[in-house]
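Residues per chain, in single letters:
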Amino acid sequence: MLSEKSRPVIAQTLGVVAERIPHITPEFYRSMFEARPDLLDGMFSRANQKNGTQPQALAGSIAMFASHLLNHPDSYPDEVLSRVAHKHASLGLKPEEYPTVHEHLFKAIAADLGDAATPEVVAAWDEVYWLMADALIKLEKGLYASQANDVMFAPYRVVSKDEVADGALAFDLEPADGTPMTPAVAGQYVSVQVTVPDGLRQPRQFTLVPSEPGHRRVVVREDPQGEVTPVLHRDVAVGDVLEVSNPYGDVVLDPDSRAPLVLVSAGIGVTPVLAFLDQLVREDPEREVLVLHADRSEAAWPCREQVREYVSQLPNARLVSWLGTPGEGDHEGRMDVTQVEIPTGAEVFMCGPLSFMQSVRSQLIDAGVPCRAIHYEIFGPDLWMLHDEARAA
Ligand code: HEM
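These numbers come from a predicted model, not from an experiment.

Student: Can you explain the overall build of the protein chain? Please cite residues and give values.
Tutor: When helices and strands are tallied, the protein chain shows 11 helices and 12 strands. Compactness check: the protein chain gives a C-alpha radius of gyration of 22 Å against a globular reference of 21 Å for 393 residues, within 12% of the reference. Along the three orthogonal principal directions, the C-alpha set of the protein chain runs to about 65 × 50 × 40 Å. Counting the 393 residues in the protein chain, one finds 56% classified as buried. Pairs at least 24 apart in sequence give 73% of the contacts found in the protein chain among residues at least 6 apart. Per element, the accessible surface of the protein chain, about 17,400 Å² overall, is 53% carbon and sulfur. Charged side chains in the protein chain number 32 positive and 57 negative. The centres of these two groups are separated by 2 Å.

Put into structure tokens, the structure is as follows:
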């Protein structure tokens, strides 16, 4: 809980700090990577640094946390903390690194705010930072402790590499040493680390899709502008060994809920849907499920046959598709949820590009679905959550 001393100072300065974040973050990252270039080797995504999304996500989340502390003094924004802790743990972040971010972030804040960064203001924001850092460290410790091993990355051999749609490959991976495997919950991801052409190690997260027991399987769509997916597509061959983390991620089905499910995806966002459908076939086949998918065409839709197969094994499931190519889907063009009946009391899970999820979420809210019942997985730093008061609440 924020101290009585800091509370008014944060209330007074939150507006200006939040507004200055886009100006503070470039300096924060520049100075941190100058002092610690090793953090770009096997920890931070260089691509996210270039496009600026991660710096904003990190610093923005602190302002959002401060806002939550002011509006809800007795609680923490659990959903936000959990997402960040899972992402951090999938990268092997250690508590010792928190002072590094603190040092460079606060240097950048002081430089940007100038005279306005009085000792009182700095002390109040320090408190916010360490409240958030301590909450994250605690969650991350719990996540590490729940793993079957204490290694960050274990070696996995590529057993097969199959095309599952235009531009999308499925990699089947088996352990290449005796490291015990943590069982994954449907919807979770792993970090896969590769060495990019200039020698830097770069981890990225990929959702686990159904695989045979004792294997891990991921589906990767090539982003020609990306650093990691072209390496996986072009340079990694069957028989090669990849570094793979334990499974993390908190966008999973509630084991106690029997509510109807609506699984919404676009493009490669189908991967968590595959994992959920597989779980439902095994554990809850009678569940009412509506699967909604949008894609450019049938050929671009990853694992389309597998989705259909799962739906056919679930007597109360239905699949509706929107495809950009005439005649191939149930509907043509963009997803429009007014074209289907959303089951009353449904829990919704969404995964796909941010603009797609924003549009579908508005449509669902218009259709009467409470925003609390809408869960989503974003591939990449989550800038949405930070601007979404409903999620911070
Ligand atoms: C990701 C917040 C400390 C490394 C993130 C994200 C947020 C965040 C909001 C984006 C999560 C997502 O949506 O995917 C924070 C906060 C911190 C903190 C509030 C301190 C209180 C640290 C530290 C490090 C670190 C100490 C390491 C030195 C990373 C990395 C990512 C990340 C590597 C993944 C994204 C990427 O590579 O672009 N953090 N973080 N964070 N954070 Fe932190």
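Having put the structure on the table, let's press on.
Student: If you had to explain the packing of helix α1 (residues 6-35) against helix α6 (residues 119-145) to someone new, which residues and values would you point to?
Tutor: Between α1 and α6, the least distance of the axes is 9 Å, while the angle of their chain directions is 90°. Of the possible angle classes, the one that applies to α1 and α6 is roughly perpendicular. Two secondary-structure elements touch here, α1 through Ser6, Val9, Ile10, Thr13, Leu14 and Val17 and α6 through Glu120, Val121, Ala124, Trp125, Glu127 and Val128. The residue makeup of the contact of α1 with α6, split by class, is 8 nonpolar, 2 polar and 2 charged.

Student: Mind laying out the packing of helix α5 (residues 98-113) against α6, listing which residues take part and the relevant values?
Tutor: α6 packs onto α5 with a crossing angle of 155° between their chain directions and a minimal axis gap of 11 Å. The orientation of α5 with respect to α6, classified from their angle, is roughly antiparallel. The handedness of the crossing between α5 and α6 comes out as right-handed. Listed contacts from α6 to Tyr98, Pro99, Val101, His102, Leu105 and Phe106 of α5 are Val122, Trp125, Asp126, Tyr129, Trp130, Ala133, Leu136, Ile137 and Glu140. A per-class count over the contact of α5 with α6 returns 12 nonpolar, 1 polar and 2 charged.

Student: Please give an account of the pairing of strand β12 (residues 374-377) that cites residues and values.
Tutor: In this structure, strand β11 (residues 347-351) lies alongside β12, joined through 4 bridges in parallel fashion. Pairing of Phe349 across the sheet is with His375, part of β12. Note that the unit made of β11, helix α10 (residues 354-366) and β12 has a crossover that is right-handed.

Student: For the pairing of strand β4 (residues 201-207), give the residues involved together with the corresponding values.
Tutor: Within β4, 5 of the 7 residues are buried, leaving the element largely enclosed by the surrounding structure. Inspection of the sheet shows strand β3 (residues 189-195) paired to β4 by 7 bridges, in the antiparallel sense. Within β4, the residue paired with Tyr189 across the bridge is Thr207. Linking β3 back to β4 in an antiparallel pair, the connection comprises 5 residues, with Gly199 at a positive phi of about 95°.

Student: Explain the coordination of the iron atom of the ligand to me, and be specific about the residues and the numbers.
Tutor: For a metal with four tetrahedral donors the ideal donor-metal-donor angle is 109.5 degrees, whereas six octahedral donors ideally subtend 90 or 180 degrees. The protein gives the iron atom of the ligand a lone donor atom, His88 (NE2), placed 2.1 Å from the metal. Inspection of the secondary structure puts His88 in helix α4 (residues 78-90).

Student: Now, about the pattern of salt bridges: what can you tell me, with residues and values included?
Tutor: On inspection of all chains with the given rule, the structure shows 20 salt bridges. One salt bridge connects Glu79 with Arg372, and the closest N-O pair in it is separated by 3.9 Å. In this pair, Glu79 sits in helix α4 while Arg372 sits in the loop between α10 and β12, placing the two residues 293 residues apart along the sequence. Under the relative-accessibility criterion, Glu79 is labelled partly exposed at 31%. With a closest N to O distance of 3.4 Å, Arg308 and Glu305 form a salt bridge. Linking Arg308 with Glu305, this pair stays in helix α9 (residues 304-313), spanning 3 residues, or about one helical turn. The partly exposed category is assigned to Arg308, whose relative accessible area is 32%. Note on Glu305: relative accessible area 48%, which makes it partly exposed. Within this structure, Glu298, Arg304, Glu305 and Arg308 form a network of salt bridges that share partners.

Student: So what about empty space enclosed by the protein? Which residues, and what values?
Tutor: This model, assessed by the stated rule, comprises 4 cavities of 30 Å³ or more. Volume-wise, the largest cavity comes out at about 80 Å³. Every residue lining the largest cavity is listed: Val17, Ile21, Ile24, Ala59, Ile62, Ala63, Leu105, Phe106, Ile109, Trp125 and Tyr129. Looking at the lining of the largest cavity, the elements with two or more residues in it are α1, α3 (53-71), α5 and α6. Taken together, the residues of the lining of the largest cavity break down into 11 nonpolar, no polar and no charged.

Student: Got a sec to walk through the packing of aromatic side chains? Specific residues and values, please.
Tutor: Applying the stated rule across the entire model yields 8 aromatic pairs. Taken together, a centroid distance of 5.2 Å and an interplanar angle of 80° make the contact between Phe33 and Phe44 edge-to-face. You can see Phe33 sitting in helix α1 and its partner Phe44 sitting in the loop between α1 and α2 (46-51), a full 11 residues away along the chain. The pair formed by Phe33 and Phe44 is uniform in burial state, with each residue classed as buried. Clustering of aromatic rings is evident, with ring pairs tying together Phe28, Tyr29, Phe33 and Phe44.

How each quantity is defined
Along each chain, the written sequence defines residue order, and numbers are assigned to residues from 1. Confidence filtering applies because this is a predicted model: local features only for residues at pLDDT of at least 70, side-chain atom pairs given and counted only at 80 or more, and all residues used for totals across whole chains, interfaces and linings. The side-chain quantities take in all heavy atoms of the structure and omit both hydrogens and water. Here a strand is any run of E in DSSP of at least two residues, a helix any run of H or I of at least four, and the numbering for each starts at the N terminus. Based on C-alpha atoms, the radius of gyration is set beside the globule rule, defined as 2.2 Å times the residue count to the power 0.38. Three labels apply to residues, based on accessible area from a 1.4 Å probe with only protein chains included: buried if under 20% of the type maximum, exposed if over 50%, partly exposed otherwise in between. Contact criterion: two residues are considered in contact whenever any of their non-hydrogen atoms come within 4.5 Å of each other. All accessible areas in this document rest on Shrake-Rupley with a 1.4 Å probe, and a residue is counted as covered only by the protein chains that are shown. This count recognises Lys and Arg as positive and Asp and Glu as negative, with His and chain-terminal groups excluded. All charge positions are set by atom: Lys at NZ, Arg at CZ, Asp at CG, Glu at CD. Each axis is a line fitted through C-alpha atoms, and for a helix only the stretch in contact is used; angles between axes span 0 to 180 degrees, taken between their N-to-C directions. Should an angle fall under 35 degrees it is called roughly parallel, over 145 degrees roughly antiparallel, and 65 to 115 degrees roughly perpendicular, with every other angle called oblique. When residues are grouped by polarity, Ala, Val, Leu, Ile, Met, Phe, Trp, Tyr, Cys and Pro land in nonpolar, Asp, Glu, Lys and Arg in charged, and all others, Gly among them, in polar. Crossing handedness: left-handed means the near helix sits turned counterclockwise from the far one by under a right angle, and right-handed means the same turn made clockwise. The pairing criterion for strands is at least two bridges between them, as found by DSSP. Throughout, right-handed denotes a crossover for which the path from the first strand over the helix to the second runs clockwise when the strands point away from the viewer. With water omitted from the atoms examined, metal sites may look incomplete; donors here are N, O and S atoms no farther than 2.8 Å from the metal, or 3.2 Å in the case of Na, K and Ca. By convention in these notes, a salt bridge is any Lys or Arg side-chain nitrogen within 4 Å of a carboxyl oxygen on Asp or Glu. Think of a 1 Å grid over just the protein atoms. A cavity is a set of points where a 1.4 Å probe fits yet cannot get out, a pocket is an open set with protein on both sides within 12 Å along at least five of seven lines, and lining residues have an atom within 4 Å of a point. Grid points are joined across faces, edges and corners, and a volume is the space filled by probe spheres set on the points. Geometry of aromatic contacts follows a simple scheme: Phe, Tyr and Trp rings, the Trp one being its six-membered ring, pair when their centres are within 6.5 Å, and the pair is stacked under 30 degrees between planes, edge-to-face over 60, tilted otherwise.

Interpretation in functional terms is not warranted from these geometric data alone.
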